[in-house]
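Examination of the molecular architecture
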Amino acid sequence: MVLNSFVQVHPDSHFPLENLPYGVFKPQESLEPRPGVAIGDYVLDLSVVSSAGLFDGPILNSSDCFLQPSLNKFLGMGRPAWKEARATLQKLLSSDNPTFRDNASLREKSLLPMDKVKMLLPAVIGDYTDFFSSMHHAKNCGTMFRGPENAIPPNWFHLPIAYHGRASSIVISGTDIIRPRGQGHPVGNSPPYFGPSLKLDFELEMAAVVGPGNELGKPIDVNEAADHIFGLVLMNDWSARDIQAWEYVPLGPFLGKSFGTTVSPWIVTLDALEPFACDAPKQEPHPLPYLAEKNSKNYDISLEVRIKPSGQEHSSVVTSSNFKHLYWTLTQQLAHHTINGCNLRPGDLLGTGTISGPEPESLGCLLELTWNGQKSLSLNGLNRKFLEDGDEVIFAGCCKGNGYNVGFGTCSGKILPAP
Ligand code: MN
């Protein structure tokens with residue numbers, strides 16, 4: 001059954017009453033940031049809803065979590081608070097509830113056209129970790145750099161591999177990305193190249209936003225890990241392949257990644273994604289007990305990447321993938337992250353790694369799509385091996401329900417020339 005809101009929601013909208021994703025926005029440049037949820041083409045200002053005393057459930061009626069400039073406090077309150085907020089908002093926004101429907105001044109104060117507000121990062125992100133959970137991506141990259149016999153390293157099937165990323169350079173969708181400069185891999189006997197990256201790439205990823213964290217020294221059980229994940233965003237892990245290839249031995253990615261990571265503004269909650277849960281791939285060999293889940297699941301989320309070159313009117317689709325192709329689940333990633341006692345905190349971001357599918361048209365980065373520049377993609381007649389200055393890269397993600405969508409909107413960024 002499709003839920004009905006008194007707010008007009010187009011059937012193609014990513015943001016019907018079934019979704020209600022959370023973000024942080026400024027209604028005007030001069031006003032303070034505040035939390036909101038998306039409904040159709042509008043943003044509902046949760047600071048207004050909260051100040052009006054309309055969160056009347058037992059947990060939220062005395063909380064100032066929606067009077068904060070970030071979602072961190074709400075994230076830390078955990079699933080009972082999230083469930084209460086969702087139930088209250090679905091009730092208040094439904095077509096048969098008069099509270100907002102019949103109160104024009106309340107509507108005017110609280111429902112703002114989405115294209116008039118400025119979206120900000122939804123949370124203060126203290127730490128950011130990026131996993132490597134797509135087997136297809138791991139296999140393709142390994143084949144390119146080590147040959148088909150040694151493509152997937154022996155540890156890959158036993159643990160979700162990750163590196164610690166840079167939280168300070170995570171930016172909100174729409175922020176320009178400056179082409180990084182750095183050292184590139186030497187060719188033959190020549191010294192290493194220094195200059196603007198010649199192999200700038202996107203990585204199609206999603207990221208989990210951590211809810212309640214854990215105390216240092218107290219790991220989170222894999223079967224309780226879902227209660228520590230608030231929801232998901234789209235994420236572009238921009239990557240300079242030439243810098244990465246030269247620097248990554250033996251300590252892993254560094255300056256080839258840390259110049260920028262873009263996230264989408266709306267966090268879609270696991271509660272909204274639940275109707276789209278599906279079986280995770282069978283894991284062989286069977287993981288060690290601390291990673292073995294009673295109920296292992298993925299989500300069926302269609303993902304698409306478009307590139308819009310400078311001067312072209314239209315963007316071209318370069319790949320279509322799906323979140324369900326990931327081998328390691330979100331909950332296994334989170335449990336593995338804390339098994340040594342490492343403490344996660346509300347707002348931490350856990351990237352999935354590039355989400356490549358099994359088909360050639362479902363590969364999640366240009367490195368794979370062009371096989372490290374050995375072939376070109378055609379964008380309305382323009383050739384691309386890696387990103388050029390002026391290219392805008394646009395991710396979209398959406399779950400298709402029966403008569404409605406639960407979508408993520410878009411995650412975009414444009415490449416500016418190196419300084
Ligand atoms: Mn990545």
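These numbers were taken from a predicted model, which means no experiment stands behind them. (Residues numbered from 1 in each chain as written. Predicted model: local features only at pLDDT ≥ 70, side-chain atom pairs only at ≥ 80, totals over all residues. Heavy atoms only, no water.)

1. Remarks on the environment of Ile-355
One can find Ile-355 in the loop between strand S22 (349-351) and helix H10 (366-369). When the C-alpha positions of Ile-355 and Met-135 are compared, they lie 8.8 Å apart, and in sequence the two are 220 residues distant. Beyond its immediate stretch of four places on either side in the chain, Ile-355 contacts Ser-134, Leu-204, Glu-205, Met-206, Leu-303, Ser-321, Asn-322, Phe-323, Leu-326, Ser-362 and Gly-364. (Helix = DSSP H or I, 4+ residues; strand = E, 2+ residues; numbered from the N terminus. Contact = heavy atoms within 4.5 Å.)

2. A few points about the coordination of the manganese ion
Only Asp-130 (OD), Glu-203 (OE), Glu-205 (OE) and Asp-237 (OD) from the protein coordinate the manganese ion, and they sit 2.1 to 2.2 Å from it. All donors of the manganese ion belong to a single chain; written as a sequence motif, their spacing is D-x72-E-x1-E-x31-D. One end of the pair, Glu-203, is in the loop between strand S12 (200-201) and strand S13 (204-210); the other, Asp-237, is in the loop between strand S14 (229-236) and strand S15 (239-240), and 34 residues separate them in sequence. Residue Glu-203 is classed as buried on the basis of its relative accessible area, which comes to 5%. On the basis of relative accessible area, Asp-237 is assigned to the buried category, the value being 0%. (Donors = N, O, S within 2.8 Å, 3.2 Å for Na, K, Ca; no water. Buried < 20%, exposed > 50% of the residue type's maximum accessible area, 1.4 Å probe, protein only.)

3. Some points on the pairing of strand S1 (residues 22-26)
Of all 5 residues in S1, 5 are buried; the element is thus mostly enclosed. As judged from the 4 bridges shared by S1 and strand S2 (residues 34-39), these two strands associate in the antiparallel manner. Opposite Phe-25, over in S2, you have Arg-34 as the bridge partner. Two elements, S1 and strand S5 (residues 118-120), share 3 bridges in a ladder whose sense is antiparallel. In the sheet register, Phe-25 faces S5, and the bridge partner there is Met-119. (Pairing = 2+ DSSP bridges.)

4. Side note on the sheet that holds strand S26 (residues 405-416)
Across the sheet, 5 strands lie side by side as S9-S26-S25-S20-S21; this open sheet has mixed pairing. A single partner strand is all that each edge strand has here, and the edge strands are strand S9 (177-178) and strand S21 (316-322).

5. Considerations on the nonpolar core
In terms of nonpolar packing, the biggest core is built from 47 residues, with Phe-202, Met-206, Leu-232, Leu-273, Ile-301 and Phe-323 touching the most fellow members. Other than its neighbours up to four places away in sequence, Ile-301 contacts Met-206, Leu-232, Leu-273, Ser-321, Asn-322, Phe-323, Gly-397, Cys-398, Cys-399 and Phe-408. Among the nonpolar cores identified, the runner-up in size contains 43 residues, and Val-24, Leu-75, Ala-123 and Ile-125 belong to it. (Core = buried A, V, L, I, M, F, W, Y, C linked by side-chain atoms within 4.5 Å.)

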